[in-house]
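Architecture at a glance
Listed below, chain by chain, are the residues.
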Amino acid sequence: MIEYNEKLRCYHLQTKSTSYIIHILGKGYVENLYYGKKINSVNDESINALLEKNGTGYGNSVVCPEDATCTLDSVSLEYSFEGTGDYRNLPIQIVMPGGETSAEFISTGYTTYKGIFKQCNTTGMPYAHAGINDEAIETLEIITKDTKTGIICKLVYTVYEKCDVITRRVVIDNVSNSAIKINKIMSMQLDLPDKHYRMYTYDGMWARERMQHIKQLESGIFVNASTTGSSSNRHNPYIMLEKNKGREAFKSCYAFNLIYSGNHYEAVEVSGYDKLRIMSGINPDKFEWTLDKETEFVTPEAIMSYSNEGVEMLSQTMHRFINTHIIANRWQGKERPVLINNWEATYFDFNEARLMKLARAAKEVGIELFVLDDGWFGDRNTDKTSLGDWNANERKLGGSLATFSRKIEELGMKFGLWFEPEMISEESELYKAHPDWAVKVPQRTTYTGRNQLFLDLTRTEVRDYVVDIVNKNIKEAHISYVKWDMNRHLTDAYSLGLGSRQGEFSHRYILGLYDLFERIVEENPEVLFEGCSSGGNRFDLGILYYMPQIWTSDDTDANERIDIQQGTAAGYPLSTMGAHVSAVPNHQTLRNTSLETRFNVACFGALGYELDVTRLTKAEKKIVINQIEFYKEYRKVFLYGDFYYEELDDGSIVWQVVSSDKNVSVLMLYQRLARVNSAHAVIRFAGLDKDAEYEITNRPQSISVKQFGELVNQVTPVHITEAGVLQSIINKVYMLDS
Ligand code: DGJ
């Protein structure tokens, strides 16, 4: 709900449990009075209590011309600008028609309406949609105008009442007579009155994405950003702030995210007056935008939420919000197929016979979707070649893609296919025909990653090619699932089509990418798309708007996945995480974990298998059949249940999901290292109905004889040599109960 109190000059944005109060200061500066636990009555008294009481101007501070007691350097502002004495990190910098970077955006009016931001369909960017019949959404647009040029800066707030989320974006309308240059433009700024917070960030690199780090905030600016051209595996755009001093310590907390897949920037500043300034938006590094007269620039949409019940609840709020307002309505609450992916089973080394054998074995254990990964097209037997040539290698597939797909479907499985549509190999037919389509800076060394170059998605003819060729494959081969990969970071950001506006490349690339998604993903609504970028290099809300799940990481080791998946779950629902059972020794860490452990971790997500299932022993096959049956029985809870986690004293991890009706819960205890004679673990179930009675059962699990080595001889009548013939025969058919 949004209310405006004319007398108090206050907007009161209310969600189910939070209040956000904006106040218009004397001249028209837009002030933030409050964001936190819901305030039920906003009246003269409560506003008066919240208003900051200014004394006089402080020492050498710059003061407002009309009020010498007001220094904007200490006011909590909704959006701040240059040249007015606010020396904190500023959210915007515009080179005005006169060449100055000073601005004075003063509130001149507002509009409110039901539903989401009216222009969201025309921004070319993903946004938090209205969900299915959510009528409790309202939008507020506060119009501010630059006092000299009349240029408009609209502050847009959308309130998702039921989900406790408020989103923000900013629109610049250049109503002046000449072009202006935007050097920096954040989607949101929030000033909070005190500094005692810890900041949660989700950082990493390839194969160790979204590791949670908690930093104590101190004076200065803490930046969480990416410059790799995508939201990146380095610093995810999701951050949380948790109060860690005073009465509300470890309860009061905020979450922020950005619906954007490119370079992002989140900064939290502890100012000289011990206030906190938070902002989030497109990274100003590698961004500039020339805004022609009479045109608008709209920022990506930023997301905010507050909870007074701790960060775990905030994560659950994010899960609900993403599942309802980011994931496309057509995928809401939908169960995802258990898949087999051939990548770690075969890499590039496959032919039709090998794939069909894999598919048949997969079908036998209950797998529902066969995904053919990299290597099915052109001459792609290594990663040096053929990206861009999206024509099936019929020699490898034993016929056309359509024929191969039909063979899979005849087995009773769906067929899925890997693409990397944004890329081009220099060794490819496409490159021979269109060398200028590759992203390069003329007369400069070109830097490659995984032997490949970006296609210049800022150009329409390039996008048209990609749309046609990918759509043609999807249609002709009756594809039910697409894994959309992207395997390098951006360098050489330059387009032959951009002339002197090269600073716009990175953002225009992302707009080009979203155009591809609109024309490929939205054109094939029945196809399940899974995002991927060398694992989880682009795990963000922009991708999730189009693709309901993302390959979480190339690291499939169960122990590593504990940190990766738990870090990811801080901001994203389990339904969005692709999680696979792979072979041991694990291909990334060479670690051995049991087949059961690998499943126990992978089932907290969209489950798949990525190993050569034809090589499973009879006993292992039985285990996998049981695992998949179990997953199917509880799939909805794993994908959409409320997620709880806890670290026990000995470092063991507890993960738990609870169905929305609280009838079913599945809990996993993950012991990082086996200990001897250790204390009993005490597990507290969370989120259950306190008035209900629950029956608790363990999932029966098995353990291989091999794991006991020579020790097994302590109980066997005949001697079994470790790794000997007898052990391997027993191991094939028999497993011990664990
Ligand atoms: C990177 C992905 O993350 C992998 O799963 C696999 O699809 C490879 N690319 C294929 O090149």
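Just above, that's the structure.
Reference entry: report on the structure contained in this document.

1. Thoughts on the overall build of the chain
Helices and strands together make up the secondary structure of the chain, namely 14 helices and 35 strands. Taken against the 2.2 N^0.38 rule, which gives 27 Å for 738 residues, the C-alpha radius of gyration of the chain at 28 Å falls within 12% of a compact globule. C-alpha atoms of the chain, sized along the principal axes, occupy 95 × 65 × 45 Å. Sorting the 738 residues of the chain into buried and exposed places 58% on the buried side. Within the chain, counting contacts between residues at least 6 apart in sequence, those at least 24 apart form 69% of the total. Surface summary for the chain: the accessible area is close to 29400 Å², and the carbon and sulfur share equals 49%. Placing the 79 positive and 99 negative side-chain charges of the chain at their respective mean positions leaves the two points 2 Å apart.

2. Re helix α6 (residues 401–410)
All of the buried residues along α6 are L401, F404, S405 and I408. Buried residues of α6, viewed axially, fall in a sector of 100°; they line one side. Where the residues of α6 are buried, they touch α4 (352–365), β22 (369–372), α5 (394–397), β23 (414–419) and α8 (460–476). G412, located one to two residues past α6, shows a positive phi value of around 95°.

3. Section: the site of the ligand
Around the ligand, a shell composed of 13 residues is seen, among which D373, D374, K483, D485 and D554 lie nearest. In this structure, an oxygen atom belonging to the ligand sits 2.7 Å away from a side-chain N or O atom of D374. Within the contact set of the ligand, an oxygen atom lies 2.8 Å away from a side-chain nitrogen or oxygen of R450. Across the complex, the protein chains shield 97% of the 290 Å² of accessible surface that the ligand would expose by itself. Tallied by class, residues from the shell around the ligand come to four nonpolar, three polar and six charged.

4. Structural notes on the packing of α4 against α6
At a minimum axis separation of 10 Å, α4 and α6 run at an interaxial angle of 25°. One element, α4, and the other, α6, form an angle in the roughly parallel class. Here α4 runs over α6; the crossing is right-handed. On α6, the residues touching E352, L355, M356 and A359 of α4 are F404, K407 and I408. Partitioned by chemical class, the residues of the contact of α4 with α6 number five nonpolar, no polar and two charged.

5. Details of unusual backbone geometry
Backbone torsion omega between V584 and P585 reads -10°, so that peptide bond is classified as cis. Residue position: P585 is located in the loop between β29 (577–582) and α12 (595–602). Non-glycine residue A207 carries a positive phi angle of around 65°. The backbone phi angle of L590 is positive, close to 65°, even though this residue is not glycine.

So, how was this worked out
- Residues numbered from 1 in each chain as written.
- Predicted model: local features only at pLDDT ≥ 70, side-chain atom pairs only at ≥ 80, totals over all residues.
- Heavy atoms only, no water.
- Helix = DSSP H or I, 4+ residues; strand = E, 2+ residues; numbered from the N terminus.
- Rg over C-alpha atoms; globule rule 2.2 N^0.38 Å.
- Buried < 20%, exposed > 50% of the residue type's maximum accessible area, 1.4 Å probe, protein only.
- Contact = heavy atoms within 4.5 Å.
- Areas by Shrake-Rupley, 256 points an atom, 1.4 Å probe, with all protein chains shown as cover.
- Lys, Arg positive; Asp, Glu negative; His and termini not counted.
- Charge placed at Lys NZ, Arg CZ, Asp CG, Glu CD.
- Arc of directions from axis to C-beta.
- Near = heavy atom within 4 Å.
- Polar contact = N/O pair within 3.5 Å; in protein donor to acceptor, adjacent residues only side chain to side chain.
- Nonpolar A, V, L, I, M, F, W, Y, C, P; charged D, E, K, R; others polar.
- Axes fitted to C-alpha atoms, helices over the stretch in contact; angles between N-to-C directions.
- Parallel < 35°, antiparallel > 145°, perpendicular 65-115°, else oblique.
- Left-handed = near helix turned anticlockwise from the far one by under 90°.

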